[in-house]
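Survey of secondary and tertiary structure
The lines below spell out each chain.
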Amino acid sequence: MSAKASLYAGTVILVLLAAIALLAPVLAPHDPLRQNLEQDLIASSGDHPLGTDKLGRDILSRTIYGGRVSLMTGVTTVAISLAIGIFLGSLSGLLGGWPDLLLMRLVDILMAFPGILLAIAMTAVLGPGLDHVILALCLIGWTGYARLVRGEILSLREREFIQAARALGCAPKNIVWRHLLPNLLEPLLIQSTFGLAAAIVAEGSLSFLGLGVKPPTPSWGSMLNDGRQFLLVAPHLTTYPGLALMVTVVALNLVGDALQERLGKRTE
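Everything in this summary refers to the structure shown in the same document.

Conventions and cut-offs
Sequence positions are assigned chain by chain, starting from 1 and proceeding in written order. Per-residue local features of the predicted model are confined to residues with pLDDT of at least 70, and side-chain atom pairs are confined, for both listing and counting, to 80 or more; whole-chain, interface and lining totals are unaffected and use all residues. For the side-chain quantities, the full set of heavy atoms in the structure was used; hydrogens and water were omitted. Residues are said to line a cavity or pocket when one of their atoms sits within 4 Å of a point; the points come from a 1 Å grid over protein atoms alone, cavities being sets where a 1.4 Å probe fits but cannot get out and pockets being open sets with protein on both sides within 12 Å along at least five of seven lines. Grid points are joined across faces, edges and corners, and a volume is the space filled by probe spheres set on the points. The way it works is that DSSP assigns letters per residue, a run of H or I at least four long becomes a helix, a run of E at least two long becomes a strand, and they are numbered from the N terminus. Just so you know the grouping, Ala, Val, Leu, Ile, Met, Phe, Trp, Tyr, Cys and Pro go in nonpolar, Asp, Glu, Lys and Arg go in charged, and all remaining residues, Gly too, go in polar. Put simply, buried Ala, Val, Leu, Ile, Met, Phe, Trp, Tyr and Cys residues joined by side-chain atoms within 4.5 Å make one nonpolar core. We call a residue buried when its accessible area falls under 20% of the maximum for its residue type, exposed when it is over 50%, and partly exposed in between, using a 1.4 Å probe and counting protein chains only. Contacts are assigned to residue pairs with any non-hydrogen atoms lying within 4.5 Å of each other. Along the arc lie the directions from the helix axis toward the C-beta atoms.

Let us now look at the layout of surface pockets. Each pocket or cavity is described by its volume, and for the largest pocket that value is around 380 Å³. Lining the largest pocket we find 17 residues, and of these Leu137, Ile140, Gly141, Gly195 and Ala198 sit closest to its centre. When residues of the lining of the largest pocket are assigned to their parent elements, the largest contribution, six residues, is made by helix H6 (residues 130-156). Taken together, the residues of the lining of the largest pocket sort by class into nine nonpolar, eight polar and no charged.

As structure tokens, then:
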């Protein structure tokens, strides 16, 4: 598949997923929290196209609402991590010296720990909850953006247009916002795309372990956890949330790969 086709395919899928998540109250046929023990573990029916879980809750409705949790967690995590990474990376790249050394050693320390293990440890201490998941993911998520921004600024700050801006007396803040950040948009967009996929997978992993959103709020990870004990008798419990998670991550990777290829061609 060409880069252009991958970009279009991934973008269309992501737009559809975002629209479904936003319109969940309209598109979901049932209340995702409503229980009906008389209709538990139904594989498929006219009233429940994707079946029901062990408590008789509609799988289609829970999968749609679970997309809200995953996408909101991913977008919020990337937005906060990006803001922190841009600020600290710019500070490190522009100042140099001991502030640069101190910040980069902090980045090295955080990146030395396996990210998911650090997130598990933090959410285990703070307790389950979506806000704690986002906090844990942001704690380790900003490091990649900070390192990227710092490296790009070190490369750009010696260019002629930056030297000219300094000679004209442009303040460091204005140099960053008017001259440096516009040149960082494409690499940051690529990094954010892959970071969004990683955050969605991490949220699903934490929810699968019982450290994500609190029950009975639907989440793709918690739905996978609830359905694993019924894999042989009711595989639909894990099939549909697993497919939703897979399609989302594949779409983000398609977009990220396509953008990365386009950027590589421009810089050749």
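So, next bit.
Quick look at empty space enclosed by the protein now. Enumeration according to the criterion identifies one cavity of 30 Å³ or more in this entry. Considering only enclosed or pocket space, the largest cavity measures out at about 70 Å³ in volume. Lining of the largest cavity is provided by Asp53, Lys54, Arg57, Ile59, Arg62, Met223, Asp226, Gly227 and Leu237. Sorting the residues of the lining of the largest cavity by element identifies helix H3 (59-95) and helix H10 (220-227) as the ones contributing at least two each. A per-element tally of the lining of the largest cavity places H10 first, with three residues.

All right, on to the nonpolar core then. Val149, Leu180, Leu184, Leu188 and Ile200 are the most contacted members of the largest nonpolar core, which has 30 residues in total. Mapped onto this core, the elements with two or more residues apiece are H3, H6, helix H7 (160-167), helix H8 (172-180), helix H9 (185-208), H10 and helix H11 (236-267). No other element matches H11, which puts five residues into this core. If we skip the residues at most four places from it in the chain, leucine 184 touches Val149, Glu152, Ile153 and Leu156.

As a further point, take H8. If you check which residues of H8 are buried, you get Ile175, Val176 and Leu180. What you see down the axis of H8 is that its buried residues fit within an arc of 100°, all on one side. Of the residues in H8, the exposed ones pointing more than 90 degrees away from the buried face are Lys173, Trp177 and Arg178.

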